[in-house]
Amino acid sequence: MAKVGIVMGSDSDMPIMAKAADILEELGISYEMKIISAHREPDVFFEYAKSAEEKGFKIIIAGAGMAAHLPGMCAAIFPMPVIGIPMHTTSLGGVDSLYSIVQMPSGIPVATVAINGGANAGILAAKILATSDEALLSKLKEYSKTLETSVQKKDAKLQEVGYKNYK
């Protein structure tokens, strides 16, 4: 049974949403991924959001651009956490999406990550789930350690070759 629902309004969102899925897979978290347009197929969307709890979802990660109603509407229907990913747009650079997702009315929160922040959405979902899963918490601590090691290796290389030869 999937613990996380990943939903996007368009297949153009896939490269960003895939980053969330990659993190969940790396940490061993099950998920279901769907493309559903809240505007073009409202009945399908409402059924998805209404049935998410019954399916066993603990979190929904919803990505959307422009008007970006998908995350907020998920939050209005689904009683557990929703993480919104604002998508970069050509018209306003994703600021339109960001404002649409982050400016929810009182009582309908959406945890919002950066524009195109798919990986952070996956990590945030994992951190929420880890509050009641010690094994997952251990995996997250190891993941953080790999990030630390990666930065240390990059700095060691910089110190060795200097900034002009750093590639």
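Residues numbered from 1 in each chain as written. Predicted model: local features only at pLDDT ≥ 70, side-chain atom pairs only at ≥ 80, totals over all residues. Heavy atoms only, no water.

**A word on the overall build of the protein chain**
Okay, so step 1: A tally of helices and strands in the protein chain yields 6 helices and 5 strands.
Okay, so step 2: Along its sequence from the N terminus, the protein chain presents helices and strands in the succession β-α-β-α-β-α-β-α-β-α-α.
Okay, so step 3: Considered along the principal axes of its C-alpha atoms, the protein chain spans approximately 60 × 40 × 30 Å.
Okay, so step 4: For the protein chain, buried positions account for 38% of its 167 residues.
Okay, so step 5: For the protein chain, the share of sequence-separated contacts (at least 6 apart) that also reach a separation of at least 24 residues comes to 64%.
Okay, so step 6: As displayed, the protein chain offers around 9,400 Å² of accessible surface, 56% of which is attributable to carbon and sulfur atoms.
Okay, so step 7: Taking the 16 positively charged and 18 negatively charged side chains of the protein chain as two groups, their mean positions are separated by 7 Å. (Helix = DSSP H or I, 4+ residues; strand = E, 2+ residues; numbered from the N terminus. Buried < 20%, exposed > 50% of the residue type's maximum accessible area, 1.4 Å probe, protein only. Contact = heavy atoms within 4.5 Å. Areas by Shrake-Rupley, 256 points an atom, 1.4 Å probe, with all protein chains shown as cover. Lys, Arg positive; Asp, Glu negative; His and termini not counted. Charge placed at Lys NZ, Arg CZ, Asp CG, Glu CD.)

**Remarks on helix 3 (residues 69-77)**
Spacing of three or four residues puts side chains on the same side of an α-helix, whose turn is 3.6 residues.
Okay, so step 1: Looking at helix 3, one finds that the buried residues are Leu70, Pro71, Gly72, Cys74 and Ala75.
Okay, so step 2: Those residues of helix 3 that are buried are in contact with strand 1 (4-8), helix 2 (42-51), strand 3 (59-64), strand 4 (82-86) and helix 4 (95-102).

**A closer look at the nonpolar core**
Okay, so step 1: Leu27, Ile29, Ile61 and Ile85 are the most contacted members of the largest nonpolar core, which has 26 residues in total.
Okay, so step 2: Going through the elements one at a time, strand 1, helix 1 (14-26), strand 3, strand 4, helix 5 (118-130) and helix 6 (134-161) are the ones with two or more residues in this core.
Okay, so step 3: Shared between two domains, this core holds at least three residues of each, these being domain 1 (4-132) and domain 2 (134-166).
Okay, so step 4: Val7, Ile36, Ala49 and Val82 belong to the second largest nonpolar core, which has 20 residues in total. (Core = buried A, V, L, I, M, F, W, Y, C linked by side-chain atoms within 4.5 Å. Domains from an automatic or database assignment.)

**Observations concerning the UniProt feature "binding site: substrate" (unreviewed entry) in the protein chain**
Okay, so step 1: As recorded in UniProt, the feature "binding site: substrate" (unreviewed entry) lies at Ser10, Asp13 and Arg40.
Okay, so step 2: For aspartate 13, a relative accessible area of 8% translates into the label buried.
Okay, so step 3: Residues contacting aspartate 13, with those up to four places away along its chain left out, are Met8, Gly63, Ala64 and Met87.
Okay, so step 4: Within polar-contact distance, the side chain of aspartate 13 engages the backbone nitrogen of glycine 9 at 3.5 Å. (UniProt positions renumbered as here; feature names shortened; annotations may be inferred. Polar contact = N/O pair within 3.5 Å; in protein donor to acceptor, adjacent residues only side chain to side chain.)

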